[in-house]
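Structural overview
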There are 2 protein chains.
Amino acid sequence: MTAFKDELRRVGEQIGEFIQNDPFPETVRPPALGDAVRDYPGRGGKRIRPALVLWACELFGGDREQAVPAAAAVEIYHNWTLVHDDIIDRDELRRGKPSTHVTIRDYAASKLKAAPEQAAFFGESLAILAGDVQQGWAVERLASVADRGVDPALALTLVRAMQTKLNRELISGEARDVEFELLDPSAVSIPDVMSMINGKTGAIMEFALHCGAAIAKGAYEPKSPDFVALSRYAVNLAAAFQLQDDMLGVFGDEKVLGKPICSDFQEAKPTMLYLEAIHRLPAERRPELDKFLRLPHYTESDIAAIRALLTDCGAAGAVRDSIAALSDCAKKSLQPLPDNRWRGMLATLVEQLLIRSV
Amino acid sequence: MTAFKDELRRVGEQIGEFIQNDPFPETVRPPALGDAVRDYPGRGGKRIRPALVLWACELFGGDREQAVPAAAAVEIYHNWTLVHDDIIDRDELRRGKPSTHVTIRDYAASKLKAAPEQAAFFGESLAILAGDVQQGWAVERLASVADRGVDPALALTLVRAMQTKLNRELISGEARDVEFELLDPSAVSIPDVMSMINGKTGAIMEFALHCGAAIAKGAYEPKSPDFVALSRYAVNLAAAFQLQDDMLGVFGDEKVLGKPICSDFQEAKPTMLYLEAIHRLPAERRPELDKFLRLPHYTESDIAAIRALLTDCGAAGAVRDSIAALSDCAKKSLQPLPDNRWRGMLATLVEQLLIRSV
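This text gives an overview of the structure that appears in the document.

The rules behind these values
Residues numbered from 1 in each chain as written. Chains lettered and ligands numbered in written order. Predicted model: local features only at pLDDT ≥ 70, side-chain atom pairs only at ≥ 80, totals over all residues. Heavy atoms only, no water. Helix = DSSP H or I, 4+ residues; strand = E, 2+ residues; numbered from the N terminus. Rg over C-alpha atoms; globule rule 2.2 N^0.38 Å. Buried < 20%, exposed > 50% of the residue type's maximum accessible area, 1.4 Å probe, protein only. Contact = heavy atoms within 4.5 Å. Areas by Shrake-Rupley, 256 points an atom, 1.4 Å probe, with all protein chains shown as cover. Lys, Arg positive; Asp, Glu negative; His and termini not counted. Charge placed at Lys NZ, Arg CZ, Asp CG, Glu CD. Least-squares fit on C-alpha atoms with pLDDT ≥ 70 in both. 1 Å grid on protein atoms, 1.4 Å probe; cavity = no way out; pocket = protein on both sides within 12 Å on 5 of 7 lines; lining within 4 Å. Points joined across faces, edges and corners; volume = space filled by probe spheres on them. Nonpolar A, V, L, I, M, F, W, Y, C, P; charged D, E, K, R; others polar. Buried area = accessible area lost by both parts, 1.4 Å probe. Salt bridge = Lys/Arg side-chain N within 4 Å of Asp/Glu carboxyl O. Polar contact = N/O pair within 3.5 Å; in protein donor to acceptor, adjacent residues only side chain to side chain. Expected span 1.5 Å × (residues − 1). Phe/Tyr/Trp six-rings, centres within 6.5 Å; stacked < 30°, edge-to-face > 60°. Lys NZ or Arg CZ within 6 Å of the ring centre and 35° of its normal. Core = buried A, V, L, I, M, F, W, Y, C linked by side-chain atoms within 4.5 Å.

Some thoughts on the overall build of chain A
Check the secondary structure of chain A and you find 16 helices and 2 strands. Here the C-alpha atoms of chain A give a radius of gyration of 21 Å, agreeing with the 21 Å that 2.2 N^0.38 yields for 358 residues. If you line up chain A on its principal axes, its C-alpha atoms span 65 × 60 × 35 Å. Across the 358 residues that make up chain A, the buried fraction comes to 59%. In chain A, of all internal contacts separated by at least 6 residues, the share reaching a separation of at least 24 is 73%. Here chain A has roughly 13700 Å² of accessible surface; of this, 51% comes from carbon and sulfur atoms. Here chain A contributes 42 positive and 51 negative side-chain charges, whose respective centroids are spaced 2 Å apart.

Points about unusual backbone geometry
Along the chain, R29(A) connects to P30(A) via a cis peptide bond; the corresponding omega equals -5°. Here P30(A) lies in the loop between α1 (2-21) and α2 (31-42).

Remarks on the relation of the copies chain A and chain B
In summary, the two copies of the chain are related to each other by a rotation about an axis coupled with a shift along it. If you rotate chain A by 180° and push it 0.0 Å along the axis, it lands on chain B with an RMSD of 0.0 Å. Accordingly, the operation relating the two chain copies is best matched by a two-fold axis. In terms of proximity to the rotation axis, the leading residue of chain A is L156(A), whose C-alpha is 2.8 Å off the axis. Most of the interface of chain A is mirrored in chain B, where 100% of its interface residues again form contacts.

A closer look at the environment of K269(A)
Residues and elements named next belong to chain A. Its location among the elements puts K269 in the loop between α11 (263-266) and α12 (272-280). By relative accessible area, K269 is classed as partly exposed at 21%. K269 sits 212 residues away from C57 along the chain, and the two C-alpha atoms are 37 Å apart. Those residues in contact with K269, other than ones at most four positions away along the chain, are D177, E181, D264 and Y274.

What to know about empty space enclosed by the protein
Within the structure shown, the criterion is met by 6 cavities of 30 Å³ or more. Considered as a void within the structure, the largest cavity measures approximately 90 Å³ in volume. Every residue lining the largest cavity is listed: I87(A), I88(A), F121(A), E124(A), S125(A), I128(A), I87(B), I88(B), F121(B), E124(B), S125(B) and I128(B). Put simply, the parts of the chain that give the lining of the largest cavity at least two residues each are α4 (64-88) and α6 (116-143) of chain A together with α4 (64-88) and α6 (116-143) of chain B. Classifying every residue of the lining of the largest cavity by side-chain character gives 8 nonpolar, 2 polar and 2 charged.

What to know about the interface of chain A and chain B
Contacts between the two partners involve 56 residues from chain A and, on the opposite side, 56 residues from chain B. Regarding the contact of chain A and chain B, the summed buried area is about 4700 Å², with carbon and sulfur atoms giving 68% of it. Counting the surface chain A buries against chain B, the share from its top three residues, R160(A), R168(A) and L182(A), is 14%. Taken together, the links from chain A to chain B amount to 4 salt bridges. The salt bridge partner of E140(B) is R160(A), with a shortest N-O separation of 2.9 Å. The interface formed by chain A and chain B holds 16 residue pairs in polar contact (both at pLDDT 80 or more) in total. At the level of secondary structure, the elements contributing two or more residues to the side of chain A that touches chain B comprise α4, α5 (100-110), α6 and α7 (152-180) of chain A. Grouping the amino acids of the side of chain A that touches chain B by side-chain chemistry returns 32 nonpolar, 11 polar and 13 charged.

Quick notes on α6(B)
With 28 residues, α6(B) extends 41 Å between its outermost C-alpha atoms, agreeing within 8% with the 40 Å of an ideal straight helix rising 1.5 Å per residue. Counting buried positions over the 28 residues of α6(B) gives 22, a clear majority of the element.

A short note on the packing of aromatic side chains
The way to describe two aromatic rings as a pair is by their centre distance and the angle between their planes. Applying the stated criterion across every chain, the model contains 10 aromatic pairs over all chains. A centroid spacing of 5.9 Å and a plane angle of 5° characterise the contact between F24(B) and W137(B), whose relative ring orientation is stacked. Note that F24(B) is positioned in the loop between α1 (2-21) and α2 (31-42) and W137(B) in helix α6, a separation of 113 residues in sequence. F24(B) gets classed as buried once you look at its relative accessible area, which sits at 2%. Look at W137(B) and you get buried, because its relative accessible area is 0%. Its end group placed over the ring of F60(A), K217(A) keeps NZ or CZ at 4.5 Å from the ring centre. If you follow R168(B) out to its NZ or CZ, it ends over the ring of F24(A), 4.3 Å from the centre.

Comments concerning the nonpolar core
Among the nonpolar cores identified, the biggest contains 262 residues, and W55(A), Y233(A), F265(A), W55(B), Y233(B) and F265(B) are the most heavily contacted of them. Ignoring anything within four residues of it in the chain, the contact list for Y233(A) reads L52(A), L209(A), A330(A), S333(A), L334(A), L346(A), L349(A) and V350(A).

See below:
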């Protein structure tokens, strides 16, 4: 456990330093845009995705230093999607600090003396462009593994995988999530939600692992047994992680969570927890749950009533069972892989992500 | 002249067909997002940028078929910037049809029964994501020249040039243009405007030419004389083109222009024409011009007064002289290059772009 936390800290330091020293954002103009480009990737966070790149590389005996730019690339890629997501979801905070469009909005209001509406629009406009530059940065940084001895043909293959499979799956996942908000949540099917989760969370975990493995092996072979095992691990880990997120959103502690309890109900999100409930409740009892959708505010007694409903109908138990089964699958997926320290890190990650101590 | 128009039509057909048959957007979900991804690149337009790729390839005796995916990539790259620009500039039309965020807004209102405000926000959200997918598509399509026999190391180099130089220069140009709108137009300097123009228009023309030349030569050598000549041509062509655009915006014919006369004055844009005027007018006469900034509507007599002011102070003549000088420079830049049919196409393009018959 200490070994795991030490190793995750080491990844954080290595990637944080690499991103801070990366000259890419320096020539971006105006300087406020350049600052915005470096902002999120430099903020830290758990650095799970770069850890997956580095650990998969080490798992197969690769040279970690060769994989560092790829690990940074995956982190930057994740962050450009967050910049655009925060505009789309109107989120004003990211990791406890103002989100990109808010930072630029405040800059326009204070430094450029823009009127409030003009400043808000300028903030969104430049945040769109910041994410666009970050996508370019991520591609360039991945391609730059060729400067550390990776065969240029393999570097090109990895860039193509990033810009076809990862790009389309991740953005399609985000787009479906946005579309769900326009639909009656009960009209969304469980497979739709699982596929959305896999796009939004699983695809980049899978890509990170494949990237590290490909650099170690000198070949990108997504259909080979080792790559397929890593894919299975990623899909199950991402799904378990997302279901756990749904549970914490209702049953968690607001202080630990960092956002209001039941915000998924407020946004009328078709979470697995909600869908399990409406499939279990008889039709005449559906309004008991649905009256809690889109409330302006959730009182203690609202929260207690939602928790009781979800527990009594069996939905909470069903989701807990799914999380346990998915976690188990994720760990079992690792069995065909080399039995070494790095496989141990991946197994511990499953447990740690679920208890959210990382 | 007929040869030039026939050749440009051939480029249009070749690229249009390539983009229509490209499977990339097919797996994007929801299908409305996939349709949006293919929409602008499939609309046609002049196809000047792909022509620059193909003609530069032919200029140096390259295999045109190898360069076709690169030409499509440059066109798709240009189009993702248009999708995001149209959100930022709140443009509702693009090439005579609804812009991407408007198409998706209307889809959400009619098919998903979204309320007007919700539909508008959904339109912008999915248009952001459509541009994001298109950036990925452009990178993948450029990388795919390796499937047509281009050395993978060269393909990787071209991808890196696209995602470093082109990405940063183009987006920085757009960001400065957005920032200019927040500033007093007279506070913007002429070098600032020229640098913005080079970012927004010149960088992609230069990249297109370098791409075609690199595929023909089997090497990307931006500091070699041939590449430098192409850069000079691109910079001068782009600047001449943009200044001509400024002139037409005031002195042109509304029907041919497709937008209202004096819209740059309405948006208080620091065009070269405006900056030349305020540098020529004595300080006490500045209000005569500035009173025409940001009017809700421009009458015939407003337009006549603006035209007279710009002409009398010598600004219009100065900009016309600059256009002639820049065009001349663009054509002279071609002199060191092989004297063949394709160099002739590039020379004719300068004349045609300026008289806007293409």
